Amino acid sequence: MYEFKYHRPATVRQAANLLVKNEDAKVIAGGHTLVPVMKQRLASPPHLVDLSHIEGLNAIEMKGRSLVIGATATHADVANSATVREAIPALAELASGIGDPAVRHKGTIGGSLANNDPTADYPAAVLALGATIVTNKRRLKAEEFFQGLFSTALENDEIITRVMFPLPKKAAYIKFRNQASRYALVGVFVARRPSDVRVAVTGAGSDGVFRATAFEEALKKRFSHKVLEGISASPEGLNSDLHGSAEYRAHLIGVLTRRAVEAATAK
Amino acid sequence: MTFGMTINACAADTAAVQPKRVLMAKISLIVNGNPVNANIDPRTLLVQFLRENLRLTGTHVGCDTSQCGACVVHLDGKAVKSCTTLAVMADGHEVRTIEGLAADGAPLHPMQEAFREHHGLQCGFCTPGMIMTAVDLVNRKGHDLSDDVIREELEGNLCRCTGYQNIVTSIAAGAKAMAKSA
Ligand SMILES: Cc1cc2nc3c(=O)[nH]c(=O)nc-3n(C[C@H](O)[C@H](O)[C@H](O)COP(=O)(O)OP(=O)(O)OC[C@H]3O[C@@H](n4cnc5c(N)ncnc54)[C@H](O)[C@@H]3O)c2cc1C
Ligand code: FES
Ligand code: FES
């Protein structure tokens, strides 16, 4: 790891000022992506701005018809929150399946979204539920936020402060774990929203999280796994690696979407 | 990369041969109930701080890549991987390590005793992490734990020796014993 100066701001405004003042400064939340990357010297920020001590930044609450989750809420916070369990149980289940208990005690929703790992779980939920990502500067729709592998619309001095999830009528997330890393080989989040149906896929796309529109169209007509018979995902644009071929991942998308719809309708 | 260059530039500015300047950080935290103050390089990992500064070598480093769980300690009562936590981030917080479960010479913690009784270890390398993970599990999920739950919860802890069977048995027994001792 290269040297850095450590900062512990008390407010988002202080954190943002530190980012503006110090070129190449980076924020750290749970550190469960950034610390490993710094150890490997793949990142060497000269300044680290610790968000984990900003009071209230991990708050979870209902605001009108939206579930609002603060950026530094840990995966364990989301998994155990009675508010999340009542509002969007699929989201609590997703969080309870990230990594292992120790990882869930540190990793945060903001860190996961800012990192936009193509095999991470949260991006699927954010895209399928049509969430809004709120930063210290603006509000971003899920579609504009994710911009391909490990890249997002965030500017260098921009900090995610919270994520707003409009409540779906029904939702479910099914993750097919990579046997070694336990990240998603493929994960599918299905959300039946008041206005439409969205199916978001993580783990499979060579460009990160994406929506499976053919499945969405069918499900809009009738929200039942039965309408998905005969519809398959194309392997084009999907990852092929030692963990699975593009064809295998395409097959999994079909299987997991059916299972997710079944799970959502069973609730 | 840019930072390495800045450091070199600083050294060149001041004196011809100067040891590399290190940005130190003051931290104070509670470790196993005792207040600890230190001046550390912010790069210090929590596990390094525990083992090298405090000589609490019960916490192990197995993988150093957040996979194996040999380094699990409790931070404010919650299990975390200390190889992936910066010591500066623990400033102002409370850490408990395997050494903090039972005082020297005192009877073992019920979870430690269960591992001894049920042969939950062979070489013992993974054991501190297993036990700290197990105690955290009992704190969260109670004293009556099914084998399925225990196995699921051990997702982040690897053992190269036992085949897990006796670890699972030990944790189930230790969880029950903790109910009695509480
Ligand atoms: C063993 C292991 C297993 C894992 N398994 C899974 C898994 O199954 N599924 C999964 O989805 N993830 C998994 N993860 C990743 C884990 O969820 C990470 O914790 C998470 O992706 C990053 O969150 P963090 O708070 O640790 O971020 P950090 O490491 O602190 O930061 C990550 C990046 O995000 C930036 N950042 C952090 N917070 C903000 C913010 N509020 N605003 C702007 N930028 C920000 C940082 O600058 C950095 O670039 C795993 C990690 C480990 C170590
Ligand atoms: S040494 Fe920390 S998880 Fe292996
Ligand atoms: S007892 Fe040897 S690694 Fe677990």
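Here, every reference points to the structure presented above.
Quick caveat, the model's predicted, so the values are computed rather than measured.

## A few points about the site of ligand 1
Surrounding ligand 1, one finds 31 residues, the nearest of these being Val-27, Ala-29, His-32, Leu-34 and Thr-108 of chain A. Looking at what sits near ligand 1, you find residues from chains A and B. One of the side-chain N or O atoms of Lys-26 of chain A is found 3.2 Å from an oxygen atom in ligand 1. The contact in question runs from a nitrogen atom of ligand 1 to an N or O atom on the backbone of Ile-160 of chain A, over 2.9 Å. For ligand 1, whose unbound accessible area comes to 970 Å², protein coverage reaches 94%. Counting residues per element, the ones that place at least two in the shell around ligand 1 are β2 (26–28) and α7 (109–115) of chain A. Among the elements that take part in the shell around ligand 1, α7 of chain A stands out by supplying four residues, more than any other.

## What to know about unusual backbone geometry
Even without a glycine there, the phi angle at Asp-24 of chain A is positive, about 65°. Within the element layout of this structure, Asp-24 of chain A appears in the loop between α1 (12–21) and β2. Not every positive phi belongs to a glycine, and Ser-66 of chain B is a case in point at roughly 65°. Counting through the fold element by element, Ser-66 of chain B comes out in the loop between α2 (46–53) and β3 (72–75).

About the thresholds
Residues numbered from 1 in each chain as written. Chains lettered and ligands numbered in written order. Predicted model: local features only at pLDDT ≥ 70, side-chain atom pairs only at ≥ 80, totals over all residues. Heavy atoms only, no water. Near = heavy atom within 4 Å. Polar contact = N/O pair within 3.5 Å; in protein donor to acceptor, adjacent residues only side chain to side chain. Areas by Shrake-Rupley, 256 points an atom, 1.4 Å probe, with all protein chains shown as cover. Helix = DSSP H or I, 4+ residues; strand = E, 2+ residues; numbered from the N terminus.

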